[in-house]
Amino acid sequence: MEEKTSEQLEDGRLLFARDVDFMRSAVSLETLPPPDLPEVCFAGRSNVGKSSLINALTNRKGLARASNTPGRTRELNYFNVDGRLFLVDLPGFGYARASKVDIERWQVLTRAYLQGRPGLRRVFLLIDSRHGIKPLDVEVMDMLDETAVIYQLVLTKIDKIKKGELSKVAEKTQKFIAKRPAAFPFIAQTSSEKKDGLDMLRAEIASLALPANADR
Ligand code: GTP
Ligand code: MG
């Protein structure tokens, strides 16, 4: 990701040092909270580490439910960060062992959310650094390019891969997004396990939140 100034890093640190509250789980578009705040969401294949990343960013272990069992997150889970931003944990896509009806339901909901949610400032699209971009990821990118919702790729679980391998994947991924209209040009790299790359991501997210001292 591009360099952050010390001020930006401090903004990120402060935002996540404040209250982060679980707000609600939504299973339909009708039960989403009113779009009163800017929001960012975490999307990606099942098991890529979305819930773990939310826990790591917020320094709260059990805030978002993370699990070894793919398909753990089945609703859109809303978190309110200091009254300045919503974080949204999405169900993973591509989980083959759920029932057809369930898969259908989550994907229709997730799709509708990604395409039409007012206030959605950025989609963090997580990619397992060991596997790189997969066809399902491309489908999501196509959809977001079409609707012009900005998405930023995050290479996850970088503790699981050698440095040299990581540079190769990062380079390849960077090339892949170069000509995609709605792709944010900087790719993040994170390890929720080792707490790597979190400060930069916090700073990025803080730049999308309401200002700290706004009248609210
Ligand atoms: P769904 O809700 O099923 O879509 O999955 P998810 O994307 O929320 O993944 P989750 O955070 O539940 O993590 C899946 C598994 O990957 C868990 O066993 C985590 O402990 C593990 N994991 C997540 N992030 C990291 C990481 O940075 N490093 C390592 N080594 N493991 C990780
Ligand atoms: Mg999850």
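**Q** I'd love a proper account of the layout of surface pockets, names of residues and values included.
**A** Taken as a whole, the largest pocket spans an internal volume of roughly 730 Å³. Along its surface, the largest pocket is lined by 35 residues, and G49, S52, A66, K157 and S192 are the ones closest to its centre. The element best represented in the lining of the largest pocket is helix α2 (residues 50-58), accounting for six residues. In terms of residue class, the lining of the largest pocket is built from seven nonpolar, 17 polar and 11 charged. Approximately 200 Å³ is the volume found for the second largest pocket. Surrounding the second largest pocket, P91, G92, F93, W106, Q107, T110, R111, L114, L136, E139, V140 and M143 form its lining. Mapped onto the lining of the second largest pocket, the elements with two or more residues apiece are α3 (100-116) and α4 (135-147).

**Q** Please provide a residue-by-residue account of the nonpolar core, values included.
**A** Among the nonpolar cores identified, the biggest contains 35 residues, and L76, Y113, L114 and V123 are the most heavily contacted of them. Among the elements of the structure, β2 (39-44), β3 (76-81), β4 (85-89), α3, β5 (120-128), α4, β6 (151-156) and α5 (163-177) are those that each provide at least two residues to this core. Setting aside residues up to four positions removed in sequence, V123 forms contacts with C41, A43, L114, L144, V149, I150, Y151 and Q152.

Parameters and conventions
- Residues numbered from 1 in each chain as written.
- Chains lettered and ligands numbered in written order.
- Predicted model: local features only at pLDDT ≥ 70, side-chain atom pairs only at ≥ 80, totals over all residues.
- Heavy atoms only, no water.
- 1 Å grid on protein atoms, 1.4 Å probe; cavity = no way out; pocket = protein on both sides within 12 Å on 5 of 7 lines; lining within 4 Å.
- Points joined across faces, edges and corners; volume = space filled by probe spheres on them.
- Helix = DSSP H or I, 4+ residues; strand = E, 2+ residues; numbered from the N terminus.
- Nonpolar A, V, L, I, M, F, W, Y, C, P; charged D, E, K, R; others polar.
- Core = buried A, V, L, I, M, F, W, Y, C linked by side-chain atoms within 4.5 Å.
- Buried < 20%, exposed > 50% of the residue type's maximum accessible area, 1.4 Å probe, protein only.
- Contact = heavy atoms within 4.5 Å.

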